[in-house]
Amino acid sequence: MDKNFTYKYDDLFNPLIKALKKLGGSGSVSEIEEEVSQILNLSEDAINEIHRESTTKLTYRLAWARNYLKRYGILENSSRGVWALTEKGQKTEEVNQAKVKRTVVKIDKEERSKKSDKPKINEPSIDGTTEEIEEFEWQDKLIQTIRKINPDQFERLCQRLLRELGFVNVEVTGKTNDGGIDGKGIYKIGSVLSFHVVFQAKRYKGSVSSSTIRDFRGAMSGRADKGLILTTGSFTREAKKEAARDGAIPIDLIDGNEFAERLKELNLGVSIEMVEEVKIKTEFFKNI
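Computed from a predicted structure; not experimentally measured. (Residues numbered from 1 in each chain as written. Predicted model: local features only at pLDDT ≥ 70, side-chain atom pairs only at ≥ 80, totals over all residues. Heavy atoms only, no water.)

**Q** Teacher, can you tell me more about the sheet that holds strand β8 (residues 193-202) here?
**A** As a general point, the strands of a sheet are linked pairwise by backbone hydrogen bonds and lie either parallel or antiparallel. Strand order in this open sheet of five strands is β6-β7-β8-β10-β12, and the pairing throughout is mixed. Whereas interior strands pair on both sides, the edge strands pair on one side only; in this sheet they are β6 (167-172) and β12 (251-254). Looking at each pair of strands side by side, their axes are set apart by 20 degrees on average, direction ignored. Both strand β10 (residues 226-231) and β12 contribute to a ladder of four bridges, which runs parallel. Following the sheet pairing, L228 is matched in β12 by D252. Here helix α8 (residues 151-164) sits on the sheet and contacts β6, β8 and β10; the angle it forms with β6, its principal contact strand, is near 170 degrees. (Pairing = 2+ DSSP bridges. Helix = DSSP H or I, 4+ residues; strand = E, 2+ residues; numbered from the N terminus. Axes fitted to C-alpha atoms, helices over the stretch in contact; angles between N-to-C directions. Contact = heavy atoms within 4.5 Å.)

Okay, here's the thing in structure tokens:
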């Protein structure tokens, strides 16, 4: 197996279709990535190879592949991030890569001819993009900004984020060198159940490994019901497996992209501006 991720986005068209068929016709982004990894027999190094910031090459190029197949009519996606085969996709076993690219580029040119707006992204060879891919742009900028703050500020940011997400009694304890535990809190479900959670905040540029998960689990053993690791980087495939290992204390993971998404949802350091579009009603002036 190649240690580097050498597949281009269009090389992933058919593995992506095959993965969704194996998943029963639909799947989350993480499920699709895992299935494609198995289909292509990718090495851990290839799966974990970073494209930029907290996004792996596999994640980024699969996003482009999904974008093309969606515009080609093979895939559709919901607001909850679930991707599924369309009726056309269910009848398709594989596609011709060149034909897909030609078709989508043609569709894009036709759409652009009807609009005066300039494209935001020109990679890899198509101007029309989905929101999913455009999100990588602002997420990267946000993560770069977060990495410039000092460790204490990052821990306080994590504390604020957890409070906004519904945690109570959130404390930062990182200065005590408490076996990798940076803080703790309580998460309540309704007014009935509560879970004691300890967290670790890692301002990483690379990937968090499985050994970090194991060390953290050892430190939290007997002291909490659940664990949470937040990072500005990513988690390796083995780290994700270790976090969800059967019979072990469960540990939830929030990588850089999800961290950015949560900040956006809660308007923490992020604002969303709607661009005003003025349309001229020519018929109004003709009939005045």
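**Q** Help me understand the sheet that holds strand β1 (residues 26-28), please; the structure alone is not making it clear to me.
**A** Across the sheet, three strands lie side by side as β1-β5-β4; this open sheet has antiparallel pairing. Bordering the open sheet on either side are β1 and β4 (75-77), each of which pairs with just one other strand. Sheet twist, expressed as the average angle between the axes of neighbouring strands with direction ignored, equals 25 degrees. With three bridges connecting them, β1 and strand β5 (residues 82-85) associate as antiparallel partners. Following the sheet pairing, S26 is matched in β5 by A84. Running at roughly 95 degrees to β5, helix α1 (residues 13-22) makes contact with β1, β4 and β5 of the sheet. Helix α4 (residues 57-72) contacts β4 and β5 of the sheet and is inclined by roughly 110 degrees relative to β4.

**Q** Any chance you could explain the environment of E261 here in plain terms?
**A** Along the chain, the position of E261 falls in helix α11 (residues 256-265). The exposure class of E261 is buried, given its relative accessible area of 16%. (Buried < 20%, exposed > 50% of the residue type's maximum accessible area, 1.4 Å probe, protein only.)

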